[in-house]
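Chain by chain, the residues:
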Amino acid sequence: VLQQSLAKKRVLLVDRHASARESLRAMLSALGVTMVHGAGNSAEVIRQVKGNRFDIILSDFILEDGRDGQQLLEELRHAHLIPLATVYMIITSERGYNNVVALAELAPDDYLIKPFNADQLQQRLVRCIYKKHVLRKIYEQIERGALQEAIVACDRVIQQQPLYQYDALRFKGELLHSLGKSAEAEEVYRRVLEGRAVPWAKMGLATALKERNALDEAEKLAEQVTSEAPDFLAAYDFLAAVHEAKGRLAEAQQALQRASEVSPNNTLRQRLVGDIAVRNG
C-alpha cells in the first residue's frame, strides 16, 4: 500500500547540479512519481516550500551557497516551513556520511549514500513513509496545538511500536518541557539514556535540569555533548545560556563563537555572537 502511495507524493529535489536533479527525477519517474520539483540553492528551496506542501524532500549534503543539507533542514524546521510529516532525506558520499551523521540536533529521516539505484531509493522512501505513518497522530496533535493529546499519542506509539519508541520518547520529552512539566521530562530523558547515550537526550536532560536551577549539572552535560558530538550546535547555544545565567558573559560569548565556527553560514547564530559581544563591550 505504501509503495502504491509513493506515486502520489509531491517531491522536491535539492542539488546544485541540474544534471544530478535530472538523474534523480528519472529514478523517481521509474517509480511512478511524477510530481517532482527541483531547486538549486537554499533560497529557491524556501521559495518553493512557501508555495507548495511537499511530502518528500531529497537534499544533497553540499549546497551551492555555503550551507549544507543539514543546516537547511534545521532552518526549514525551526521556521515551521515544512510539516513534521514531510520526509527529509540527505544524499551524501560515504565519507561525507561519517561527518554528517553526528549532526543530530534535528536528524533527517534517513541518509542515502551515493551511488544508489531506483530500488534502493524506493526501499528507503517506503521505510520513511511507514515511520511517518506510525508517528502521524503525534504530528497531527502537535500541529493543532493539542500538546496533551500529542503526549497520549506518544505513549501509544511507545507501547505498540517499540521500533519507534525513541522517536516517540523524544517528542514526549519536548512536549512535557513545552508544558512546563520539567520533572516529567527529566524522567523521560533519563529513561532514554539508560538505553542509549544519544546527544539529544543529554541535551533534553540538561534543559530539564536548568529549569530547576541545577546549573552545574546542566553545564556538565552540555560540555559532554560539545566534546562527544562537536557538530551538535544546540549544545553550544544552551551552554551560552547557562554561562549567561551564571553571569559569565565572556564564556557565553566563547561558546557561541565555537558554534559559529562549526556553522559559519548560519546568520542567526552569527547574530547571537554579535548581540552578546555588544553586551560584553
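Predicted model, so just to flag it, every value in this text is computed and none were measured. (Residues numbered from 1 in each chain as written. Predicted model: local features only at pLDDT ≥ 70, side-chain atom pairs only at ≥ 80, totals over all residues. Heavy atoms only, no water.)

1. Observations regarding the environment of Val-1
Rule in force here: Counting from the N terminus, the helices are DSSP H or I runs at least four residues long and the strands are E runs at least two residues long. Only protein chains enter the accessibility calculation, which uses a 1.4 Å probe; a residue is then buried when its area is under 20% of its type maximum, exposed when over 50%, and partly exposed in between.
Structurally, Val-1 is set in the segment before α1 (2–6). Assessed through its relative accessible area of 84%, Val-1 is described here as exposed. Sequence-wise, Val-1 and Asp-275 are 274 residues apart; in three dimensions their C-alpha atoms are separated by 52 Å.

2. Concerning the pattern of salt bridges
Our working rule: Between Lys or Arg on one side and Asp or Glu on the other, a salt bridge is scored when a side-chain nitrogen of the former is within 4 Å of a carboxyl oxygen of the latter.
All told, the structure shown has 19 salt bridges when counted by the stated rule. The partner of Arg-124 in a salt bridge is Asp-110, with the nearest N and O atoms 3.2 Å apart. In this pair, Arg-124 sits in helix α6 (residues 118–143) while Asp-110 sits in strand β5 (residues 110–113), placing the two residues 14 residues apart along the sequence. A residue is classified by how much of its surface remains accessible, and Asp-110, at 11% relative accessible area, is buried. Connected via shared salt-bridge partners are Asp-216, Glu-219, Lys-246, Arg-248 and Glu-251.

3. A look at helix α10 (residues 199–211)
The condition that has to hold: For a helix, the expected span equals 1.5 Å multiplied by the residue count minus one. Any pair of residues with heavy atoms lying within 4.5 Å of one another is described as a contacting pair.
If you check α10, its first and last C-alpha atoms are 18 Å apart, about what 13 residues at 1.5 Å a residue would give, namely 18 Å. Among the residues of α10, those classed as buried are Trp-200, Ala-201, Lys-202, Met-203, Gly-204, Leu-205, Ala-206, Ala-208 and Leu-209. Contact partners of the buried residues in α10: α8 (165–178), α9 (182–195), α11 (215–228) and α12 (233–245). Downstream of α10 by one or two residues, Asn-213 has phi in the positive range, about 70°.

4. Looking at the nonpolar core
For clarity, the threshold we go by: To define a nonpolar core, start from buried Ala, Val, Leu, Ile, Met, Phe, Trp, Tyr and Cys residues and group those joined through side-chain atoms within 4.5 Å.
Membership of the largest hydrophobic core comes to 45 residues, with the highest contact counts inside it found for Leu-135, Ile-138, Val-157, Trp-200, Met-203, Phe-232 and Phe-238. Sequence-distant contacts of Phe-238, that is, excluding residues within four places in its chain, are made with Met-203, Ala-206, Thr-207, Lys-210, Ala-218 and Ala-222. With 21 residues, the next largest nonpolar core counts Leu-6, Leu-24, Phe-116 and Leu-125 among its residues.

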